[in-house]
Protein chains: 2
Amino acid sequence: MFLELAWRGIAVLHTGRDPPETALRVKSALESVGVAAHVFPVAELGRVWSCYDGIVYVGAIGGIVRLLCPLLRDKELDPPVVAVDRSGRFFVPLLGGHWGANELASELAKLLGGVAVITTAVEHVGAVPPEELERIFLCRMERSARLRVAAALRDGAEVCVAGVSWAPPGYKLGEGCAVVVRRGHVCKEGEVCCRPVRLYVGFGATSSATVEDVVEAIKKALGDLGVSKVEAVASVKVLASEVGRALGVRAVVYTPEELRTDEYCASPPSPKALEALGVPGVAELAALTAAGPGGRLVYRKRVFGKVTVAVAAAP
Amino acid sequence: MFLELAWRGIAVLHTGRDPPETALRVKSALESVGVAAHVFPVAELGRVWSCYDGIVYVGAIGGIVRLLCPLLRDKELDPPVVAVDRSGRFFVPLLGGHWGANELASELAKLLGGVAVITTAVEHVGAVPPEELERIFLCRMERSARLRVAAALRDGAEVCVAGVSWAPPGYKLGEGCAVVVRRGHVCKEGEVCCRPVRLYVGFGATSSATVEDVVEAIKKALGDLGVSKVEAVASVKVLASEVGRALGVRAVVYTPEELRTDEYCASPPSPKALEALGVPGVAELAALTAAGPGGRLVYRKRVFGKVTVAVAAAP
């Protein structure tokens, strides 16, 4: 469940000069289930902190605790962090247990044959916590609303999700439950409102790509994310204007110089884009630039034939 | 090994109003092997931080990481911290793996039937790390010396301990090894010097206790610690002067008002001492007062017949 929706990918950190075998095994395992995984030395922890759906640290827990302490801000902002010992035996959610770290640890332990060391009290078996709903449905609830959902799950009450096309395990799709979580800007009285975040699509394309190719690719990416509405579509391609019209959204065309740079959060440079445009990549940087300062990637670039698509959220 | 020498005892912390069953089981298990265990709500974490040989936190790791971050100072000063999930399944060394947390987690897991989640690289099997030598032998080495010992152990070289009466597992007693760790103020060239900390004995006694009773009790306590030399003996008893003469050390006699108070590090108040002298206890507070500002308990009070003995170290 967690990895299936980890569109931003996972940062795998290691101590020492070269990544140990376990770091490479974690990377391969993630890639084998279609998740982007980038390996960094642990010195980059601060820079990758907000860039990925999760951080996997390969090494001793004592070391990572001292390094992550200065970065802690808030449960709602900090990424899920899982520590894995060098031999790959234990997967320990260190931070953000309810924000995905428990699931990330469990899924990695299953893929790699280790033990997930879950230490949160298991109040509700089988239901993803409300914090995860926000990631899954790209929306935000108030803290009090989150507590209300958690209490209902704990007490065994039925919780519905509305305004979405499917229900995660432990939830019922539709209305009529004791608690209804609605994805939307307008919610009925008594419902828990999960307000959609504002999304910006960025794309790159080969010179032979047509408007239809781009529109189709963007629709596939939005389908992956389970959303249909975005604020704007952005690119360095003049094609963007026509794509915007076809999708019925605002279009932004940047010059390569206008693109935001983001050495750590964006994917590694694409040699082609560097050569042709002098930028490390277009889709992610266009999405991030359109999302404005504080914007973050929610969907790492994905290639659909001639088109590359990425999605960023405004802060 | 760790618990056998945990003279200051272990603080067991818990969330919520009442200690969960696992916290009480940890306390009983510790007491069953002769280790003092005190249970506190987690709000007291900051106050008990420097008072015990180790801290065991019962609850989810994510919570304790956020709480301990502001307290971190230095590997050499921070206590070993072990997290245990509420159901008592996993014992996770979070801080100070090489400073006792790995051993504490392993010993607790054995006592209580759980899994010790050791995540440090196991470079040397069976040998206690050099940091532990300092605790065991009440001495301090330079950081560089510690690294030298660790490297020797890792490379499979023989390491001797000298100036002490026994060798911990993985070390050889005596001289003639590639690396010799000597407990002493004067070390030979090439040896690793572990300089003894300055120790202060405090005692309390019933009115019928004789000088011989006190001397015998102090010798037993020093025997537990494996040391013979102390700086001074301290009490509110005038008897202290004679005890000092018998032991050949300086004696300090305090009035009850002169005793340092230490609500968090000292043991819970003794009703007898409170009634008779108006202080929560004599042995520990006299030792701490004699050790001066920054002094810390290294041997929690222990009763030997009519006499109670505690030992503190100067900073």
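For clarity, every value in this text was computed on a predicted model and none was experimentally measured.

Side note on the overall build of chain A
When you go through chain A residue by residue, the secondary structure sums to 10 helices and 16 strands. Computed over its C-alpha atoms, the radius of gyration of chain A comes to 20 Å, within 12% of the 20 Å expected for a compact globule of 315 residues. Among the 315 residues that make up chain A, the fraction classed as buried is 57%. Here the analysis covers contacts within chain A between residues at least 6 apart in sequence; of these, 60% occur between residues at least 24 apart. Across chain A, the 36 positively charged side chains and the 34 negatively charged ones have centroids separated by 1 Å.

What to know about the sheet that holds strand E3 (residues 54-58) of chain B
All names here are of chain B. As summarised here, the arrangement of the six strands in space is E2-E1-E3-E4-E5-E6, forming an open sheet in which the pairing is mixed. Since the sheet does not close on itself, it has two edges, and those belong to strand E2 (37-41) and strand E6 (115-116), each with one partner. Bridge analysis of E3 against strand E4 (residues 81-84) gives four bridges, and the strand direction is parallel. Following the sheet pairing, Tyr57 is matched in E4 by Ala83.

Let's talk about the relation of the copies chain A and chain B
Mapping chain A onto chain B calls for a rotation angle of 179° and an axial translation of 0.1 Å; the resulting RMSD is 0.1 Å. Between the two chains, the operation in question is that of a two-fold axis. Identified as the residue of chain A closest to the rotation axis by C-alpha distance is Cys69 of chain A, at 2.6 Å.

With respect to the sheet that holds strand E8 (residues 159-162) of chain B
All names here are of chain B. If you trace the five strands from one edge of the open sheet to the other, you get E7-E11-E10-E8-E9, paired in mixed fashion. On the outer flanks of this sheet lie strand E7 (139-140) and strand E9 (172-173), each paired with one strand and no other. Strand direction decides the pairing type here: strand E10 (residues 179-183) and strand E11 (residues 192-196), joined by three bridges, are parallel. Residue pairing for E11: Arg182 is matched across the bridge by Cys193.

Topic: the packing of helix H1 (residues 21-32) of chain A against helix H4 (residues 101-112) of chain A
Residues and elements named next belong to chain A. Across the interface, H1 lies against H4 with an axial gap of 10 Å and an inter-helix angle of 100°. Of the possible angle classes, the one that applies to H1 and H4 is roughly perpendicular. Across from Arg25, Val26, Ala29 and Leu30 in H1, the residues of H4 making contact are Leu108, Leu111 and Leu112. Looking at side-chain class alone, the contact of H1 with H4 contains six nonpolar, no polar and one charged residues.

Considering helix H5 (residues 130-137) of chain B
All names here are of chain B. Burial analysis of H5 places eight of its eight residues in the buried class, which makes it a mostly covered element. For H5, every residue scored as buried is listed here: Pro130, Glu131, Glu132, Leu133, Glu134, Arg135, Ile136 and Phe137. Looking one or two places after H5, you find Leu138, whose phi comes out positive at around 50°.

A short note on the state of the cysteines
All names here are of chain A. A complete count under the given rule lists nine disulfides over all chains for this structure. Between the sulfur of Cys160 and that of Cys177 lies a disulfide, 1.9 Å long from S to S. What sets the handedness of the Cys160 and Cys177 disulfide is the S-S torsion sign, and at about 70° it is right-handed. Here Cys177 lies in the loop between strand E9 (172-173) and strand E10 (179-183) and Cys160 lies in strand E8 (residues 159-162), a separation of 17 residues in the sequence. In terms of burial, Cys160 and Cys177 fall into one category: buried.

Brief notes about the interface of chain A and chain B
Counting residues at the interface gives 27 residues for chain A and 27 residues for chain B. Three residues stand out in chain A for area buried against chain B, namely Arg66, Phe90 and Thr119 of chain A, and they jointly supply 31% of the buried area on that side. On the surface where chain A and chain B come into contact, there are two salt bridges. For the salt bridge of Arg66 of chain B with Asp78 of chain A, the shortest nitrogen-to-oxygen distance reads 2.8 Å. If you list the elements that add at least two residues to the side of chain A that touches chain B, you get helix H3 (61-68), strand E5 (90-95) and strand E6 (115-116) of chain A. Considering only residue class, the side of chain A that touches chain B consists of 16 nonpolar, four polar and seven charged.

Let's talk about the domain arrangement of chain A
All names here are of chain A. With domains assigned, chain A is organised as domain 1 (3-116), domain 2 (130-196) and domain 3 (199-313). In this structure, domain 1 and domain 3 have C-alpha centres spaced 27 Å apart. Contact residues are listed per partner, giving 12 residues for domain 1 and 11 residues for domain 3. Summing the contributions of domain 1 and of domain 3, the shared interface buries around 1100 Å²; its carbon and sulfur component is 60%. When the buried surface of domain 1 facing domain 3 is broken down by residue, Trp7, Arg8 and Cys51 rank first, second and third, together holding 59% of it.

Digging into the pairing of E2 of chain B
Successive side chains on a regular strand alternate, one facing one side of the sheet and the next facing the other. All names here are of chain B. In this sheet, E2 lies alongside strand E1 (residues 10-14) in parallel orientation, the contact comprising five bridges. The partner of Val12 across the bridge, within E2, is Val39. In this fold, the crossover linking E1 to E2 by way of helix H1 (residues 21-32) has right-handed handedness.

Details of the environment of Glu242 of chain A
Topologically, Glu242 of chain A is positioned in helix H8 (residues 239-247). A relative accessible area of 41% places Glu242 of chain A in the partly exposed class.

Details of the packing of aromatic side chains
By convention here, two paired aromatic rings are described through the distance between centres and the angle between planes. Residue and element names in this part refer to chain B. Under the defined criterion, the tally for this structure stands at six aromatic pairs over all chains. Note on Phe40 and Tyr52: the rings are 6.0 Å apart at their centroids and 65° apart in plane angle, and the pair reads as edge-to-face. Taken together, the residues Phe40 in strand E2 and Tyr52 in the loop between helix H2 (45-48) and E3 connect sequence positions 12 residues apart. Accessibility assignment for this pair places Phe40 and Tyr52 in one class, buried.

Let's talk about the packing of H5 of chain B against helix H6 (residues 143-154) of chain B
All names here are of chain B. At a minimum axis separation of 8 Å, H5 and H6 run at an interaxial angle of 120°. Of the residues in H6, those touching H5 at Pro130, Glu131 and Glu134 are Arg146, Val149, Ala150 and Leu153. Per-class residue counts for the contact of H5 with H6 are four nonpolar, no polar and three charged.

Conventions and cut-offs
Residues numbered from 1 in each chain as written. Chains lettered and ligands numbered in written order. Predicted model: local features only at pLDDT ≥ 70, side-chain atom pairs only at ≥ 80, totals over all residues. Heavy atoms only, no water. Helix = DSSP H or I, 4+ residues; strand = E, 2+ residues; numbered from the N terminus. Rg over C-alpha atoms; globule rule 2.2 N^0.38 Å. Buried < 20%, exposed > 50% of the residue type's maximum accessible area, 1.4 Å probe, protein only. Contact = heavy atoms within 4.5 Å. Lys, Arg positive; Asp, Glu negative; His and termini not counted. Charge placed at Lys NZ, Arg CZ, Asp CG, Glu CD. Pairing = 2+ DSSP bridges. Least-squares fit on C-alpha atoms with pLDDT ≥ 70 in both. Axes fitted to C-alpha atoms, helices over the stretch in contact; angles between N-to-C directions. Parallel < 35°, antiparallel > 145°, perpendicular 65-115°, else oblique. Nonpolar A, V, L, I, M, F, W, Y, C, P; charged D, E, K, R; others polar. Disulfide = S-S within 2.5 Å. Buried area = accessible area lost by both parts, 1.4 Å probe. Salt bridge = Lys/Arg side-chain N within 4 Å of Asp/Glu carboxyl O. Domains from an automatic or database assignment. Right-handed = clockwise from strand over helix to strand, strands pointing away. Phe/Tyr/Trp six-rings, centres within 6.5 Å; stacked < 30°, edge-to-face > 60°.

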